[in-house]
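Examining the three-dimensional arrangement
Single-letter residue listing:
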Amino acid sequence: MDSIIVTGGAELRGQIPIAGAKNACLALMPATLLSEEPLTLTNAPRLSDIKTMAQLLQSFGAEVASLHDGQVLSLSSHDLTGVTADYDIVRKMRASNLVLGPLLAREGRAVVSLPGGCAIGARPMDLHISGLEALGAEIELRDGYLHAVAPRGLKGAVIEQRFASVGATENIVMAAALAKGTTVLKNAAREPEIVDLVKCLRAMGAEIGGEGTSEISVQGVDRLRGATHSVVTDRIELGTYMIAPAIAGGEVELLGGHIGLLPAFCEKLDEAGIHVSQTPAGLKVARSNGRARAINVRTEVFPGFPTDLQAQMMALMCTADGVSVLEETIFENRFMHAPELTRMGAQIEVHGGHATVTGVERLKGAPVMATDLRASVSLILAGLAAEGETVVSRVYHLDRGYERVEGKLSACGARIERIRTE
Ligand code: EPZ
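Calculation notes
- Residues numbered from 1 in each chain as written.
- Predicted model: local features only at pLDDT ≥ 70, side-chain atom pairs only at ≥ 80, totals over all residues.
- Heavy atoms only, no water.
- Helix = DSSP H or I, 4+ residues; strand = E, 2+ residues; numbered from the N terminus.
- Rg over C-alpha atoms; globule rule 2.2 N^0.38 Å.
- Buried < 20%, exposed > 50% of the residue type's maximum accessible area, 1.4 Å probe, protein only.
- Contact = heavy atoms within 4.5 Å.
- Areas by Shrake-Rupley, 256 points an atom, 1.4 Å probe, with all protein chains shown as cover.
- Lys, Arg positive; Asp, Glu negative; His and termini not counted.
- Charge placed at Lys NZ, Arg CZ, Asp CG, Glu CD.
- Phe/Tyr/Trp six-rings, centres within 6.5 Å; stacked < 30°, edge-to-face > 60°.
- Near = heavy atom within 4 Å.
- Polar contact = N/O pair within 3.5 Å; in protein donor to acceptor, adjacent residues only side chain to side chain.
- Expected span 1.5 Å × (residues − 1).
- Salt bridge = Lys/Arg side-chain N within 4 Å of Asp/Glu carboxyl O.
- Axes fitted to C-alpha atoms, helices over the stretch in contact; angles between N-to-C directions.
- Parallel < 35°, antiparallel > 145°, perpendicular 65-115°, else oblique.
- Left-handed = near helix turned anticlockwise from the far one by under 90°.
- Nonpolar A, V, L, I, M, F, W, Y, C, P; charged D, E, K, R; others polar.
- Domains from an automatic or database assignment.
- Buried area = accessible area lost by both parts, 1.4 Å probe.
- Pairing = 2+ DSSP bridges.

What follows deals with the overall build of the chain. Across its full length, the chain holds 14 helices and 24 strands. A compact globule built from 422 residues should have a C-alpha radius of gyration of about 22 Å, and the chain, at 21 Å, falls within 12% of that. Seen through its principal axes, the chain has C-alpha atoms that stretch 65 × 45 × 40 Å. Taken across its 422 residues, the chain has 59% of its residues classed as buried. Looking at the chain alone, contacts between residues at least 24 apart form 74% of all its contacts between residues at least 6 apart. By element, 49% of the accessible surface of the chain is carried by carbon and sulfur atoms, the whole surface being about 15,900 Å². Computing the positive centroid from 40 side-chain charges and the negative centroid from 49, the chain places the two 1 Å apart.

So, on to the packing of aromatic side chains. Following the criterion strictly, the structure yields 2 aromatic pairs and no others. Taken together, a centroid distance of 6.3 Å and an interplanar angle of 80 degrees make the contact between Y241 and Y402 edge-to-face. Placement of Y241 in helix α8 (residues 235–248) and of Y402 in the loop between α13 (396–399) and α14 (405–410) is noted, with a sequence separation of 161 residues between them. Comparing Y241 with Y402, the two get one shared label, buried. Ring plane angle 50 degrees and centroid distance 5.7 Å describe the contact between F265 and F305, whose orientation is recorded as tilted. Placement of the pair is F265 in helix α9 (residues 263–271) and F305 in the loop between β18 (297–298) and α10 (310–318), with a sequence separation of 40 residues. There is no split in this pair, since F265 and F305 are both buried.

What follows deals with the site of the ligand. In the vicinity of the ligand lie 22 residues, with D126, L127, S165, D308 and I330 positioned nearest. With respect to the ligand, the backbone of V166 contributes an N or O atom lying 2.9 Å from an oxygen atom. Residue R374 places a side-chain N or O atom 2.8 Å away from an oxygen atom belonging to the ligand. Relative to its unbound accessible area of 820 Å², the ligand is 89% covered by the protein chains. Of all the secondary-structure elements, those providing two or more residues to the shell around the ligand are α1 (22–28), α5 (126–134), α6 (166–176) and α12 (373–385).

The first and last C-alpha atoms of helix α2 (residues 48–59) sit 17 Å apart over 12 residues, in line with the 16 Å expected at 1.5 Å per residue. Among the residues of α2, those classed as buried are D49, I50, T52, M53, A54, L56 and L57. Turning to α2, the residues buried within the fold contact α1, β4 (63–67), β5 (72–76), β6 (84–85) and α3 (87–90). Of the residues one or two after α2, G61 is the one with positive phi, at around 100 degrees.

We now examine the pattern of salt bridges. Taken as a whole and assessed by the stated rule, the structure comprises 24 salt bridges. Residues E138 and R152 are paired through a salt bridge, measuring 3.3 Å at the closest nitrogen-oxygen approach. You can see E138 sitting in strand β8 (residues 138–142) and its partner R152 sitting in the loop between β9 (145–149) and β10 (158–160), a full 14 residues away along the chain. In this structure, D308 and R334 form a salt bridge, with 2.7 Å as the shortest nitrogen-oxygen distance. Residue D308 is found in the loop between β18 and α10, and its partner R334 is found in the loop between β19 (323–327) and α11 (337–342); the two are separated by 26 residues along the sequence.

Let us now look at the packing of helix α4 (residues 100–107) against α6. Look at α4 against α6: their axes get within 7 Å of each other, and the N-to-C directions meet at 15 degrees. With respect to each other, α4 and α6 are oriented roughly parallel. Pair α4 / α6 crosses with right-handed handedness. Here α4 contributes L100, G101, P102 and A105 to the contact with α6, which in turn contributes N171, M174 and A175. Tallied by class, residues from the contact of α4 with α6 come to 5 nonpolar, 2 polar and no charged.

Tracing the backbone through its elements, the reader meets L141 in strand β8. Residue classification places L141 among the exposed residues on the basis of a relative accessible area of 52%. Placed 27 residues apart in sequence, L141 and L114 show a C-alpha to C-alpha distance of 8.6 Å. Excluding anything up to four places from it in sequence, L141 contacts L114 and L146.

A word on the domain arrangement of the chain. Where interface size is quoted, it is often the accessible area lost as the parts come together. When its domains are assigned, the chain resolves into domain 1 (3–17 + 233–419) and domain 2 (26–230). Using only C-alpha atoms to locate each centre, domain 1 and domain 2 end up separated by 31 Å. In this assembly, 19 residues from domain 1 lie in contact with 18 residues from domain 2. Taking both sides of the interface into account, the surface hidden between domain 1 and domain 2 amounts to around 1,600 Å²; carbon and sulfur atoms contribute 52%. Taken together, the links from domain 1 to domain 2 amount to 3 salt bridges. Between E403 and R46 there is a salt bridge; the shortest N-O distance is 2.9 Å. Counting every contact that joins domain 1 to domain 2 gives 7 residue pairs in polar contact (both at pLDDT 80 or more). Partitioning the side of domain 1 that touches domain 2 into residue classes produces 8 nonpolar, 3 polar and 8 charged.

This part is about the sheet that holds strand β16 (residues 274–278). Spatial strand order, β2-β15-β17-β16: 4 strands in an open sheet with mixed pairing. Strand pairing shows two members of the sheet lacking a second neighbour, β2 (12–17) and β16, which therefore form its edges. Strand-to-strand, the axes of this sheet are offset by a mean angle of 15 degrees, without reference to chain direction. Of the pairings in the sheet, the one linking strand β15 (residues 250–255) to strand β17 (residues 282–287) comprises 5 bridges and is antiparallel in character. Bridged to V252 within β17 is V285. Its contacts with the sheet put α8 on β2, β15, β16 and β17, and the angle it makes with β17 is roughly 25 degrees.

Structural data, given as structure tokens:
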């Protein structure tokens, strides 16, 4: 398992290109199941999660070709030979559950393993199940698998989610695209990745409106055609790299970034005294002088502060001037980066969903361990500002969501390298 060594203290200057969004691409790829015609995705990120999704789709008989060094994915599911998403794939990547809605819509049946727990929480699927049942699916849990059938096809319905689940919204919208009649999804998730998925489905001939608002309406059609779609910029990678100059000092331009992807996050960076400006090429971020100011953060569904940037903001608050409180409202166990940051001299107290951070002048490099995707990168960010060397082990977590992190940061002057082990 590879490790990454960061030697802290260097200010960062330069540009970082931001890739296509992992969480958009993981919903766009299963959309190929909705049509017999080819779907081409450009600006695709080069990540291990994308490879995992390609393997899953191929296990159904879909063809997935990765072109132009992985930045273009050519998908086709003309002839499907299977509808089962195995536990060994789903447990590694929860997003595998996004094949449930498309398989039901296309084949009228699906067998999808429950993902099982993951590091950040139980991650149930009750909202996916109730939404698809409202469309006429019959879903039974047997031997850890969801056995779903739609013997009479799917029929449009009015659905109100108790929580604006991203994945459930994606599964329901994809299934409704081929259902008979109209579906209205209330308390729909509003994330930019949902908007991107709807744009792609519309290019495939779907009749959908309201994306980006809390109410999405879908007029089912008989069939969908192929399309070519460019994956939206990854707002979580963008926000992650915005923290790099904020914590290490200097000035970095994030190519392809724009404030509309991260309104609440940019407001919080401004409150912390970090200068963010829009340029023709992207977002420029600079730490005007000295330490960031301590601020309070509460994670919320979009357009609120993203839970996927909570760990990264915590790293910044560890070196901020003052005391900050971070409240995690989306997942039940998303502070696993805290004990690792504490090993670097951070002062953090976690009580349930609240973490209180007392900023220190300098963190100290230390050997630390990645536990989940976003926690891993928060340790890299902390290492940029720490005195001495930080060795982050188990970076396979990192490679799920960040392409070439050491390359992107070292291009801006960071002292960072990957140590390949067996
Ligand atoms: C998506 O996960 C993202 N993953 C997550 O990013 C992100 O953290 C999350 O949305 C929230 O923004 C992808 O898009 C592939 P949810 P998803 O359904 O769809 C509960 C990353 O780091 N819930 O909005 O699984 C659930 O337990 C990953 O890139 C139910 O209770 O998120 C959680 O507490 C991590 N029942 C909350 O809702 C359900 O049926 C948010 O879940 C579904 C969800």
